[in-house]
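Tertiary structure, described
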Amino acid sequence: MNFTTSDKISVQKIEKSRINEVDFDNLTFGKDFSDHMFECDYINGEWVHPTIRPYGPLTISPAAKVFHYGQAVFEGMKAYKDANGKVFLFRPDQNHARINKSAKRMAIPEFPKDIFFEALHKLIDLDRDWVKPGNGNSLYIRPFVMATQEGVSASPSDQYKFMILLSPVNAYYTGDVKVVVAEEYSRSANGGVGAAKAAGNYGAQFYPTNLAREKGFQQVIWTDANEHKYLEEAGTMNVFFRINDTLYTAPTSDRILDGITRKSVIALAKKDNIPVEERPILVSEIVEASKNGTLKEIFGAGTAAVISPVSTFNYKDVTYELPPTAGGYSTKFKKELTDIQYNISEDPFGWRYEV
Ligand SMILES: *Cc1c(COP(=O)(O)O)cnc(C)c1O
């Protein structure tokens, strides 16, 4: 992969790196940030002053629309370092396309591709030492846009700030994920913003997820808002079900986020001649498959955890156990994906992008 980058970004380097203050072996996901950040403002109908400067606080009006109306979208991607010190991104064109799709749904102006790629190149180049090699280590990349116009009138902002932050992370061990199937609350609805990576989609999930946690479940698998009959996604991950040897996942729609890990798993499965069906999945058929022993695996797929196997799911207060995942599809896809990401295997689809 190769993309045209602009040469528009001014760079203000940090005086003294903070890298020695960070314990790279014991990172908490998303807590530490690298030396530099990228910033670009939308003023008078144009993206202006693209700048890289030391990571630090912003000064924003308390009346900025983002605080009142939640007009904000984001992305999540990662940089991986191979054994020779080369750094790669995974399908970054997809993240660029998706942040613009999310932005459009939230009436936020699109961000130019050439500046997006120049920002990634320059920022990662400056903070290259923050990307540690070794399976599971990576630099989490958080692009986001927020409405910065001062004023609490309920209308779209005419000013925005686009930023990129970098956060070193270790492997995201989710352990045995116990999930509960949503019966009351909903993450998204027809015609809503479920397909956008809108900040408020996460805020709205925290309360029902806390209720699930109190009952001993780590995650909620959301169902359709109309009838709670169809399984949709986990809210930070898309979900796959394996019945016998076939993989099933819900089709993307305006309720479901079009995950890059999801589409990569589907592509890998097709290459390996594993049958995949993208179709609405009834909760009742998964319960039935669990009862008759044909349900082999459930796993989440998303950038943070890559693949996250589910150990039990709960529906209407009954808990269903899944067989151990060793040797299953989840193990296989996790290895295939991370081998491509860390430049260990061939890259048959051209997904790696060196920075
Ligand atoms: C980001 C996200 C995913 C996973 O997408 P990836 O591109 O694979 O990281 C799944 N669901 C939701 C709601 C998300 O926000």
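Here the residue numbers are simple positions, counted from 1 along each chain's written sequence. Only residues with pLDDT of 70 or above have their local features reported here, since the model is predicted, and side-chain atom pairs are shown and tallied only from 80 upward, although totals for entire chains, interfaces and linings are computed over all residues. Here the side-chain values reflect all heavy atoms present in the structure, with hydrogen atoms and water set aside.

A tally of helices and strands in the protein chain yields seven helices and 19 strands. Radius of gyration (C-alpha) of the protein chain: 21 Å, near the 20 Å computed for a compact globule of 355 residues. Categorising residues by exposure relies on relative accessible area from a 1.4 Å probe, with only protein chains included: less than 20% of the type maximum marks a residue as buried, more than 50% marks it as exposed, and the intermediate range marks it as partly exposed. Across the 355 residues of the protein chain, 54% fall into the buried class. Counted over contacts in the protein chain with a minimum sequence separation of 6, partners at least 24 positions apart contribute 71%. With residues, only the protein chains shown are counted as cover, and all accessible areas are computed by Shrake-Rupley using a 1.4 Å probe. Split by element, the accessible area of the protein chain, about 16100 Å² in all, is 49% carbon and sulfur. Think of it this way: any DSSP run of H or I at least four residues long counts as a helix, any run of E at least two long counts as a strand, and we number them from the N terminus. Here the globule rule reads 2.2 Å times residues to the power 0.38, and the radius of gyration is calculated from C-alpha atoms. The contact criterion used is simple: two residues touch if any of their non-hydrogen atoms lie within 4.5 Å.

A pair can form between side chains of opposite charge whenever their charged atoms are brought close. Counted as salt bridges are all cases of a side-chain nitrogen of Lys or Arg within 4 Å of a carboxyl oxygen of Asp or Glu. Taken as a whole, this structure holds 22 salt bridges when the rule is applied. Put simply, Glu183 and Lys316 hold a salt bridge, and the shortest N to O gap is 3.1 Å. Of this pair, Glu183 sits in the loop between β9 (177-181) and α4 (199-214) while Lys316 sits in the loop between β17 (306-315) and β18 (318-321), and the two are 133 residues apart along the sequence. Since its relative accessible area comes to 39%, Glu183 is described here as partly exposed. Between Asp245 and Arg242 there is a salt bridge, and its shortest N-O distance comes to 2.7 Å. What you see here is one network of salt bridges that share partners, running through Glu39, Asp41, Arg53 and Lys161.

We now examine the site of the ligand. We call a residue near a given molecule or strand whenever any one of its heavy atoms falls within 4 Å of it. Contacts to the ligand come from 15 residues, most closely from Lys197, Tyr202, Glu233, Thr261 and Thr303. Polar contact is the term for a pair of N or O atoms within 3.5 Å; when the atoms are in protein, one must be able to donate a hydrogen and the other to accept it, and sequence-neighboring residues count only if both atoms are side-chain atoms. At 2.7 Å from an oxygen atom of the ligand is found a side-chain nitrogen or oxygen belonging to Lys197. Tyr202 places a polar side-chain atom, nitrogen or oxygen, 2.5 Å from an oxygen atom of the ligand. Taking 380 Å² as the accessible area of the ligand by itself, protein coverage stands at 97%. Residue composition of the shell around the ligand, by class: four nonpolar, seven polar and four charged. Amino acids outside the nonpolar list (Ala, Val, Leu, Ile, Met, Phe, Trp, Tyr, Cys, Pro) and the charged list (Asp, Glu, Lys, Arg) are all regarded as polar, and Gly is one of them.

Domain limits in this description derive from either an automatic procedure or a database domain assignment. One can read the domain layout of the protein chain as domain 1 (10-170) and domain 2 (177-341). Distance from the C-alpha centre of domain 1 to the C-alpha centre of domain 2: 27 Å. Here domain 1 packs against domain 2, burying approximately 1800 Å² in sum over the two surfaces, 60% of which is carbon and sulfur. Of all residues in domain 1, the largest losses of buried area upon contact with domain 2 belong to Phe74, Phe90 and Arg98, amounting jointly to 33% of the total for that side. Linking domain 1 to domain 2 there are zero salt bridges. On inspection of domain 1 and its partner domain 2, the count reaches 11 residue pairs in polar contact (both at pLDDT 80 or more). Looking at which element gives the most residues to the side of domain 1 that touches domain 2, the answer is helix α2 (residues 92-105), with six residues. Accessible area that two parts lose when put together, evaluated with a 1.4 Å probe and summed over both, is termed the buried area.

For Leu123, the location among the structural elements is in helix α3 (residues 113-126). Distance from Leu123 to Ile260, taken between C-alpha atoms, is 22 Å for residues 137 residues apart in sequence. The residues contacting Leu123, other than those within four sequence positions of it, are His36, Met37, Phe38, Ile52, Ile164 and Leu166.

A few words on the UniProt feature "modified residue: N6-(pyridoxal phosphate)lysine" (unreviewed entry) in the protein chain. UniProt positions are given in the numbering used here, feature names are shortened, and annotations may be inferred rather than shown by experiment. The UniProt record annotates "modified residue: N6-(pyridoxal phosphate)lysine" (unreviewed entry) at Lys197. Position of Lys197 relative to the elements: it lies in the loop between β9 and α4. Overall, the relative accessible area of 11% leaves Lys197 in the buried class. Contacts of Lys197, omitting those with residues within four sequence positions, involve Ala72, Val73, Phe74, Glu75, Gly76, Arg98, Ser102, Tyr202 and Leu257.

Here we come to the packing of helix α5 (residues 260-271) against helix α7 (residues 329-341). Relative orientation of the contacting elements α5 and α7 amounts to 105°, with a least axis distance of 11 Å. Comparing the axis directions of α5 and α7 gives the class roughly perpendicular. Contacts between α5 and α7 involve Thr261, Ser264, Val265, Leu268 and Ala269 from the former and Phe333, Glu336, Leu337 and Ile340 from the latter. Residues belonging to the contact of α5 with α7 are distributed by class as follows: six nonpolar, two polar and one charged. Throughout, an axis means a line fitted to C-alpha atoms (over the contacting stretch in the case of helices), and angles, computed between N-to-C directions, take values from 0 to 180 degrees. Here the angle decides the label: under 35 degrees means roughly parallel, over 145 means roughly antiparallel, 65 to 115 means roughly perpendicular, and every other value means oblique.

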